[in-house]
Amino acid sequence: MTQSELEKKVNPPKTRKGKKILESRESLLVENDKGLTLLKGAKTSGVVNDVLADLMKIRRQNASLLTRNNPFLPFEDASGLCDILKKNDSSLFVFGSHNKKRPHNLVFGRTFDGSILDMVEFGVTAFKKLSQFPPPKIPLGAKPCLVFNGDVFEKFPDTWGLIQNFFCDFFCTTKVSSINLQGLEYVISLTAVEPDALCVRSYEVHMKKSGTDKPYVDLVEIGVSLDLQLRRTQFAPPDVRKRALKVPKAVKVGKTKNIMHDMAGSKLATVHMTKQDITEMPQSKMKGSKTDGGSEPKKKRVKQSDNAEKSDVLEEMDTS
């Protein structure tokens, strides 16, 4: 039972507005684009504030930056954080804080059904703001191409593999079915270095003439340039992750056999049938005049009894 269904059962809505609010929180067959909320802790540094502001500019769509300080400790108690995310209808968050024990701290996380699903804590070791790079010419809403470098993502799938999956959710704002390679203008590179370092770089793609059919691709760094150090992680247990990844039956597309599509988009199907015996098939008899080999139609026969009666009548008339 989901959180919205539990709330509706425990505290049933008394007004029409309350009913609409609970219905809007219910799970959908096709989920909306994931929202992002960036928050500040009880105390932040200038580096953390600049990183949050630049992440807001990179994400752009479905993102909100809260300026008020929040005295939360996500790894100890995340109830207050979940309430804010629920209010802002966001499933992704970045929580920035700063203290003596963990300076320039960033917590990346995502939620499922109103509770924390995954959290990853990084420390900022190096940072360059967007203002230190030339202004890019990338249009608003351009979808980035994510490049993950390093074999760490494959060596440690339980930690770095889930971190890779999280950043795919973080940077991919909308899902698309096809991509035009000519419109590929934005690249985000994430390089993992053993044992616990992650480098984030952003590039603008410039396609130049090369004298061949294929263009010469030039990458120009545009920021953000961010070096992170992994500190703490908290991932969901297997049963919770299984529920989060479950696909409803109504969305699943069943496999259709013997159906193909040609280049024009027409649907072609193959029908398999058993061999039929034509001799045993029932045939309908046609009504109408029948002819024998193209000869003239037969004349109507006169009954002999009628002719005999007529001849008897004529003989009686003669005798009389």
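See the structure printed just above.
Residues numbered from 1 in each chain as written. Predicted model: local features only at pLDDT ≥ 70, side-chain atom pairs only at ≥ 80, totals over all residues. Heavy atoms only, no water.

Participant: Outline the overall build of the protein chain, supporting the account with residue identities and numerical values.
Facilitator: A tally of helices and strands in the protein chain yields eight helices and 12 strands. For the protein chain, buried positions account for 27% of its 320 residues. Once local pairs closer than 6 in sequence are excluded, the contacts in the protein chain between residues at least 24 apart make up 63%. When the accessible surface of the protein chain is totalled, it reaches about 23200 Å², and 54% of it is carbon and sulfur. (Helix = DSSP H or I, 4+ residues; strand = E, 2+ residues; numbered from the N terminus. Buried < 20%, exposed > 50% of the residue type's maximum accessible area, 1.4 Å probe, protein only. Contact = heavy atoms within 4.5 Å. Areas by Shrake-Rupley, 256 points an atom, 1.4 Å probe, with all protein chains shown as cover.)

Participant: Got a sec to walk through the layout of surface pockets? Specific residues and values, please.
Facilitator: In this structure, the second largest pocket spans a volume of roughly 290 Å³. Lining the second largest pocket are 22 residues; nearest its centre among them are Lys57, Ile58, Arg59, Arg60 and Tyr186. When residues of the lining of the second largest pocket are traced back to their parent elements, those giving at least two are helix H3 (46-59) and strand S7 (186-193). In terms of residue count, H3 provides more of the lining of the second largest pocket than any other element does, three residues in total. Grouping the amino acids of the lining of the second largest pocket by side-chain chemistry returns 14 nonpolar, four polar and four charged. (1 Å grid on protein atoms, 1.4 Å probe; cavity = no way out; pocket = protein on both sides within 12 Å on 5 of 7 lines; lining within 4 Å. Points joined across faces, edges and corners; volume = space filled by probe spheres on them. Nonpolar A, V, L, I, M, F, W, Y, C, P; charged D, E, K, R; others polar.)

Participant: Please give an account of the side chain of Lys40 that cites residues and values.
Facilitator: Structurally, Lys40 is set in strand S1 (residues 36-40). No salt bridge is formed by the buried Lys40; its nearest oppositely charged neighbour, Asp50, is found at 8.5 Å. Ignoring any residue separated from it by four or fewer positions in sequence, one finds Lys40 in contact with Asn49, Leu52, Leu66, Thr67, Arg68, Asn69, Asn70, Phe95 and Gly96. (Lys, Arg positive; Asp, Glu negative; His and termini not counted. Salt bridge = Lys/Arg side-chain N within 4 Å of Asp/Glu carboxyl O.)

Participant: Before we move on, could you go through a nonpolar patch on the surface and cite the residues and values that matter?
Facilitator: A cluster of nonpolar residues, Leu29, Val30, Val247 and Val251, forms a patch on the protein surface that exposes about 350 Å² of accessible area. Position of Val247 among the secondary structure elements: in the loop between helix H7 (238-244) and strand S11 (259-261). (Patch = residues over 30% accessible without salt bridge, like charges linked within 9 Å, V, L, I, M, F, W, Y side chains within 5 Å.)

Participant: So what's going on with the side chain of Thr111? Which residues, and what values?
Facilitator: Residue placement: Thr111 occurs in strand S4 (residues 105-112). Classification of Thr111 by relative accessible area gives buried; the value is 17%. Sequence-distant contacts of Thr111, that is, excluding residues within four places in its chain, are made with Leu85, Ser90, Ser91, Phe93, Ile116 and Leu117.

Participant: Go over the pattern of salt bridges, please, and point to the residues and values.
Facilitator: Enumeration according to the criterion identifies 12 salt bridges in this entry. A salt bridge links Asp151 to Lys155, with the shortest nitrogen-to-oxygen separation between them at 3.6 Å. For Lys155, the salt bridge is made with Glu194, and the minimal N-O distance between the two is 3.7 Å. Here Lys155 is found in helix H5 (residues 152-155), whereas its partner Glu194 is found in the loop between S7 and strand S8 (197-208), with 39 residues between them in sequence. Given a relative accessible area of 45%, Glu194 falls into the partly exposed group. Overlapping salt bridges bring together Lys34, Arg110, Asp118, Asp169 and Arg241 as one network.

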